[in-house]
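Coordinate inspection notes
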Amino acid sequence: MSLAHTNLAPRAFDSELAAQYADLYTRVSDRITPDEWAVHLPYIDAIRSLKSLRRAVVLAHNYQSPEIFHGIADVCGDSLALAQRAADSSADVIVLCGVHFMAETAKILSPDKTVLIPDSDAGCSLAESITAADVRLLRQRYPGAPVVTYVNTSAEVKAESDVCCTSANAVHVVESMDADTVIFLPDKYLGKYVATQTRKRLILWEGSCEVHERFTGAEIRSLREPGLSVLAHPECPPDVLEEADFVGSTAAMTGAIRDGKMDRVLLITECSMADNLAIEFPSVSFTRPCNLCPHMQRITLPKVYRALRDMAPVVEVDAEVARRARRAVQRMLDIGRREAA
Ligand code: 13P
Ligand code: SF4
């Protein structure tokens, strides 16, 4: 049923609406201007109402923009946290504010729920880099080598894999394999990083993240100053990771800032995350060379509103593909979060 003509259409921005959300605006006002707030707030208000009507939960990745991350999300986190919450959610509807592989993973884990993605073109260069047929060929070329697959892949690729991993447990997942040689797909940079942390021989694929591969070691050196803590995501090239004081998933970087008593942070990852962290840690000063993920940025408040209003686009995964992919994802969830922070 379309709710386009009910009173859940966004209200006009006025002083009454602004007063209702005054506390929220105080929290985000360093990153969202009053003019932007006047555009965002009617959607934030309408989405909050639609969430209760639909019994929906909004899961948002750490790279979502502040109006989504702080304005409408019920759960924020890295890929592993979003998968864990999708698996144990009691909501009828999951709205995944992130990219398509994250929404597919939610559907694989919660086949009976309606999973919505506000823009089904929100892809990922890593997921695009490999197909299920590629995985089958690699298995023929390296008989007996188990396949560890980063979650940044399609459901079909997960279905061909022995186990999935995220950046929050990649090293431990590889270490848990009962083999000396492991096929690790598809991120060559995450794979190279994992190879520095294990004695196993890794067979890598030529995939990369179009956002993180743009950082360079020279760029980090040019920004380096005394007192600055450099935190980097393991999707970055090796010369970047060599310059970092801390390497970890988006959740681990957040944890390191929370626990590390850091005053000044250079965050080497997608730069919306620094906006979200600047709101969460107002006493920390962030330096951020700004690389944005064009796929994450496709998710906007009007699209989230329309997704919940129209209950579309719905994410579907073929039942047999989902059954096979679920084994690999569940095996990863059983291992859980295993990183330093
Ligand atoms: P995390 O799992 O660390 O959040 O990373 C996901 C991702 O897409 C990084 O580019
Ligand atoms: Fe994919 Fe990179 Fe965007 Fe993450 S930041 S979703 S790995 S393209």
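In case you missed it, the structure is sitting above this.
Reading the values: the criteria
Residues numbered from 1 in each chain as written. Chains lettered and ligands numbered in written order. Predicted model: local features only at pLDDT ≥ 70, side-chain atom pairs only at ≥ 80, totals over all residues. Heavy atoms only, no water. Helix = DSSP H or I, 4+ residues; strand = E, 2+ residues; numbered from the N terminus. Rg over C-alpha atoms; globule rule 2.2 N^0.38 Å. Buried < 20%, exposed > 50% of the residue type's maximum accessible area, 1.4 Å probe, protein only. Contact = heavy atoms within 4.5 Å. Areas by Shrake-Rupley, 256 points an atom, 1.4 Å probe, with all protein chains shown as cover. Lys, Arg positive; Asp, Glu negative; His and termini not counted. Charge placed at Lys NZ, Arg CZ, Asp CG, Glu CD. Pairing = 2+ DSSP bridges. Axes fitted to C-alpha atoms, helices over the stretch in contact; angles between N-to-C directions. Core = buried A, V, L, I, M, F, W, Y, C linked by side-chain atoms within 4.5 Å. Right-handed = clockwise from strand over helix to strand, strands pointing away. Near = heavy atom within 4 Å. Polar contact = N/O pair within 3.5 Å; in protein donor to acceptor, adjacent residues only side chain to side chain. Nonpolar A, V, L, I, M, F, W, Y, C, P; charged D, E, K, R; others polar. Salt bridge = Lys/Arg side-chain N within 4 Å of Asp/Glu carboxyl O. Disulfide = S-S within 2.5 Å.

The number of helices and strands found in the protein chain is 17 helices and twelve strands. Its C-alpha atoms give the protein chain a radius of gyration of 20 Å, near enough to 20 Å, the size a compact globule of 341 residues would have. A principal-axis box enclosing the C-alpha atoms of the protein chain has dimensions of 65 × 55 × 25 Å. Relative to its 341 residues, the protein chain shows a buried fraction of 57%. For the protein chain, the share of sequence-separated contacts (at least 6 apart) that also reach a separation of at least 24 residues comes to 62%. Carbon and sulfur atoms make up 47% of the accessible area of the protein chain, which amounts to about 14400 Å² in all. Put simply, the protein chain has 37 plus and 46 minus side-chain charges, and the middle of one group is 4 Å from the middle of the other.

A word on the sheet that holds strand E6 (residues 163-165). Taking strand neighbours across the sheet as the criterion, the four strands line up as E6-E5-E7-E8 in an open arrangement whose pairing is parallel. Bordering the open sheet on either side are E6 and strand E8 (201-204), each of which pairs with just one other strand. Going from strand to strand, the sheet's axes swing by 30 degrees on average, the running direction of each strand aside. The strands that helix H8 (residues 132-141) touches are strand E5 (147-150) and strand E7 (181-185); relative to E7, the one it contacts most, it runs at about 165 degrees.

Attention now moves to the nonpolar core. Ranked by internal contacts, the top residues of the largest apolar core, which has 93 residues, are Trp37, Val95, Val148, Phe184, Leu231, Ile257 and Leu267. Tallying contributions element by element places helix H3 (residues 34-54) first for this core, with six residues. If sequence neighbours within four positions are ignored, Val148 has contacts with Val163, Cys165, Val173, Val174, Met177, Val182, Ile183, Phe184 and Leu185. Counting residues in hydrophobic clusters, the runner-up holds eleven residues, among them Ile220, Cys236, Val240 and Leu266.

For a regular strand, the rule is simple: side chains alternate between the two faces of the sheet. With five of five residues buried, strand E3 (residues 93-97) is to be regarded as a mostly interior element. The two faces of E3 match: Val93, Val95 and Cys97 on one face and Ile94 and Leu96 on the other face are all buried. Handedness of the β-α-β unit built from E3, helix H6 (residues 100-109) and strand E4 (residues 114-116) comes out right-handed.

Turning to the site of ligand 1, a few remarks are in order. His61, Tyr63, Asp78, Ser79, Asn152, Ser167, His212, His233, Glu235, Ser249 and Thr250 make up every residue found near ligand 1. Take Asn152: an N or O atom from its side chain is 3.3 Å from an oxygen atom of ligand 1. Contact with the protein chains hides 95% of the accessible area of ligand 1, taken as 300 Å² for the molecule alone. Split by residue class, the shell around ligand 1 holds one nonpolar, eight polar and two charged.

Moving on to the side chain of Ser79. As for its position among the elements, Ser79 is in helix H5 (residues 79-88). For Ser79, a relative accessible area of 17% gives the class buried. Setting aside residues no more than four positions away along its own chain, Ser79 makes contact with His61, Phe101, Met102, Val151 and Thr166.

Residue position: Ala252 is located in helix H14 (residues 250-260). Here the alpha-carbon distance between Ala252 and Arg338, two residues 86 residues apart in the chain, equals 10.0 Å.

Bringing unusual backbone geometry into the picture now. Pro186 follows Leu185 through a cis peptide bond whose omega is -15 degrees. Counting through the fold element by element, Pro186 comes out in the loop between E7 and helix H11 (188-195). Ala312 connects to Pro313 through a cis peptide bond whose omega is -5 degrees. One can find Pro313 in the loop between helix H16 (301-310) and helix H17 (319-335). For Arg55, which is not glycine, the phi dihedral falls at a positive 50 degrees. Judged by relative accessible area, which is 47%, Arg55 ranks as partly exposed. Not every positive phi belongs to a glycine, and Met311 is a case in point at roughly 55 degrees.

Below, the discussion takes up the pattern of salt bridges. Opposite charge on two side chains lets them pair, provided their charged atoms get close. Per the counting criterion, the structure on display carries 20 salt bridges. Across the salt bridge formed by Arg337 and Asp78, the nearest N and O atoms sit 2.9 Å from each other. Residue Arg337 is located in the segment after H17, and its partner Asp78 is located in the loop between strand E2 (75-77) and H5; the two are separated by 259 residues in the primary sequence. Within this structure, Arg11, Glu16 and Asp45 form a network of salt bridges that share partners.

Using the criterion set out here, one finds one disulfide in the structure. In this model Cys271 forms its disulfide with Cys290; the gap between the sulfur atoms is 1.9 Å. You can see Cys271 sitting in the loop between strand E11 (264-268) and helix H15 (272-280) and its partner Cys290 sitting in the loop between strand E12 (285-287) and H16, a full 19 residues away along the chain. With a relative accessible area of 5%, Cys271 lands in the buried category. Cys165 carries a free sulfur, and the closest cysteine sulfur to it, the one in Cys164, is 7.4 Å from it.

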